[in-house]
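Understanding the architecture of this molecule
Single-letter residue listing:
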Amino acid sequence: MEKNDVVLKKLNRIKNAAKFSDKCDKIPVGEFFWTGFKNKCIDKWGKDFDPYLFFDLDYIPITPNMDPHIKSFEVVQQNGEDIYIRTGFEAIIHRSGDIVMPHYDSFSIKEPEEMAEFAFDDPTDKRRFNNASDDQINGVGDVLLRDIPAWSERVDAYVDKLPVFGSVCEGYEYVWRIVGTENSLIWMLAEPELFGDFMKRVGEFLVEFTKAQIEEGNGRLSGMIIWGDVAYRNGMLFSPEAWRKYFKPITKQLIDICHANDLPVIYHGCGNASIIYEDMIELGLDFYNPLEAKADLDVVELEKGYRGKLGFCGNIDMRVLERNNLDEIKREVLYKMQAANTGGWIFQSDHSISNDVEPESYHHALKVVREYGEYPLDLDKIRAEIKRLDEKFNS
């Protein structure tokens, strides 16, 4: 499928940033949004509000049904907005009212030997892409969503307006949803053969799912997001050696498949996984996201060591955005923009836009990056404004 000029211009902006190219026209902009923030924007700007179109972002992620078992959610127990459901990952998940994060109550696999018995539905099953369905990745988040429109239908709604990025989990992000975080961390050490065998099957599923997603996209996809939370605030959830043994080979295959189809890749991994950034360079990753500021990551400092080798996406401190002080927000955006002097950075928050951010605050951040973000960047102007704001704060 041929992409129109609007989509190509945005896609080339992302690709040029990934290449640290002097052909960059302006800093690309991406984002993920919580439901509460979107609802506040709907109240302000009307029921037809769409954050990706209204804010004129440069890509949108759209995720197919990735569940190992394609099936409707089973309501195990419900009392008003307090609900327990069993998903296609065979996990029982508890969602309660306006509490943002769901709680994983139990998993079907409780003993390491049971991993060998867990069967996967066909990763290439066309229902994943062409049928409305319940699925855990799309449906269980800060709200519970049922009967989600078909992936292909959702892609078609944007394909002529924005670069559409597909979506796939890497190995750890997928396996913990089946066996639980505690079991996955214990079994990779205590049961390396059983865990390794299971990860091979998980990897085969994810690889074939990715190939099928690209095929079903039929030229409509512009990139891919790989979801892989393998770290927390202070470092990796497990040793870098364990990551290299079990999860790096899967990530390599996913990136290679995407690059073979001319799709740039953004890897989303929360926490501080900087110890494996060199591995990501070896794998040819285009952008690492989200660079959580609260995990002591600073894209301006990181860029000095990774310039020309690894692009970054994110690092706008959500704590600053949530304070809703426009001067503070401007200072945060301008400071982080210094990392984009030679390309290699996508403007984005260090996770996603939360319910505590006011629409005006996020809109203001976008105005700043667009006012100062055309290439070649005027670093003198940017730094002068940072200095002015610092003096204002200290006066």
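Residues numbered from 1 in each chain as written. Predicted model: local features only at pLDDT ≥ 70, side-chain atom pairs only at ≥ 80, totals over all residues. Heavy atoms only, no water.

**Here's the deal with the pairing of strand β3 (residues 82-86)**
How we decide: By definition, two strands form a pair when at least two bridges between them are found by DSSP. Counting from the N terminus, the helices are DSSP H or I runs at least four residues long and the strands are E runs at least two residues long.
Across five bridges, strand β2 (residues 74-79) lies against β3 in antiparallel orientation. Each residue of the ladder has a partner; that of Gln-78, found in β3, is Ile-83. Connecting the antiparallel pair β2 and β3 is a turn made up of two residues, with Gly-80 showing a positive phi of about 65°. Joining the antiparallel neighbours β3 and strand β4 (residues 91-96) is a turn of four residues, in which Glu-90 adopts a positive phi near 65°.

**Description of the nonpolar core**
Here is the rule we go by: We define the nonpolar core as a collection of buried residues of types Ala, Val, Leu, Ile, Met, Phe, Trp, Tyr and Cys that are connected through side-chain atoms lying within 4.5 Å of one another. Each residue's exposure class comes from its accessible area (1.4 Å probe, protein chains only) as a fraction of the maximum for that residue type: buried when under 20%, exposed when over 50%, partly exposed otherwise. Every residue pair with non-hydrogen atoms within 4.5 Å of one another is taken to be in contact.
Counting 126 residues, the largest nonpolar core has Tyr-174, Phe-198, Tyr-288, Phe-312, Phe-347 and Tyr-362 as its most contacted members. Residue contributions to this core peak at 10 residues, all from helix α9 (residues 192-217). Leaving out residues up to four positions away in the same chain, Tyr-288 has contacts with Tyr-267, Gly-269, Ala-273, Tyr-277, Met-280, Leu-310, Gly-311, Phe-312 and Cys-313.

**A closer look at the packing of aromatic side chains**
Filter applied, for reference: Any Phe, Tyr or Trp ring, taking Trp's six-membered ring, that has another such ring centre within 6.5 Å forms a pair; planes under 30 degrees apart are called stacked, those over 60 apart edge-to-face, and the others tilted. Comment: the charge-over-ring label is applied if NZ (Lys) or CZ (Arg) is within 6 Å of the ring centre and within 35 degrees of the ring normal.
Scanning the model with the defined rule gives 37 aromatic pairs in all. Where Trp-345 meets Phe-347, the ring centres are 6.0 Å apart and the plane angle is 85°; that geometry is what we call edge-to-face. Both residues of the pair, Trp-345 and Phe-347, count as buried. Through a chain of ring-to-ring contacts, the aromatic side chains of Phe-89, Phe-118, Phe-120, Phe-129, Trp-151, Tyr-174, Phe-198, Phe-205 and Phe-209 assemble into a single cluster. Above the ring of Tyr-372, the side-chain terminus of Lys-381 is found at 5.1 Å from the ring centroid.

**Quick word on the environment of Val-179**
Examined against the element boundaries, Val-179 turns out to sit in helix α7 (residues 171-179). Put simply, Val-179 and Leu-297 are 118 residues apart on the chain and 30 Å apart in space, counted from C-alpha to C-alpha. Those residues in contact with Val-179 that lie beyond four places of it in its chain are Phe-107, Ile-109, Met-115, Ser-184, Trp-187 and Phe-198.

**As for the sheet that holds strand β11 (residues 287-289)**
Formally: For every element, the axis is a line fit to its C-alpha atoms; helices are fit only across the contacting stretch, and the angle between N-to-C directions ranges from 0 to 180 degrees.
A sheet is described by the order of its strands in space; here seven strands give the open sequence β1-β6-β7-β10-β11-β12-β13, paired in parallel fashion. Edge positions in the sheet fall to β1 (60-61) and β13 (345-346), since each has one partner strand and no second. Across four bridges, the pairing between strand β7 (residues 221-227) and strand β10 (residues 265-268) is parallel. Along β10, the bridge assignment pairs Ile-225 with Ile-266. In the packing of α9 onto the sheet, the strands contacted are β6 (164-169) and β7, and the crossing angle to β6 comes to about 165°.

**Some remarks on helix α14 (residues 326-337)**
The condition is simple: Multiply 1.5 Å by the residue count of a helix minus one, and that product is the helix's expected span. Two N or O atoms form a polar contact when they lie within 3.5 Å of each other; inside protein one atom must be a possible hydrogen donor and the other a possible acceptor, and for residues adjacent in sequence the pair counts only when both atoms belong to side chains.
Helix length check: α14 (12 residues) gives 16 Å between terminal C-alpha atoms against 16 Å at 1.5 Å per residue, within 8%. Three or more residues of α14 are buried, namely Ile-329, Lys-330, Glu-332, Val-333, Leu-334, Tyr-335, Lys-336 and Met-337. The inward-facing, buried residues of α14 abut α12 (299-306), α13 (318-323), β13, α15 (359-372) and α16 (379-394). The distance from a side-chain oxygen at the start of α14 to the backbone nitrogen of Asp-327 is 3.1 Å, and the residue carrying that oxygen is Asn-325.

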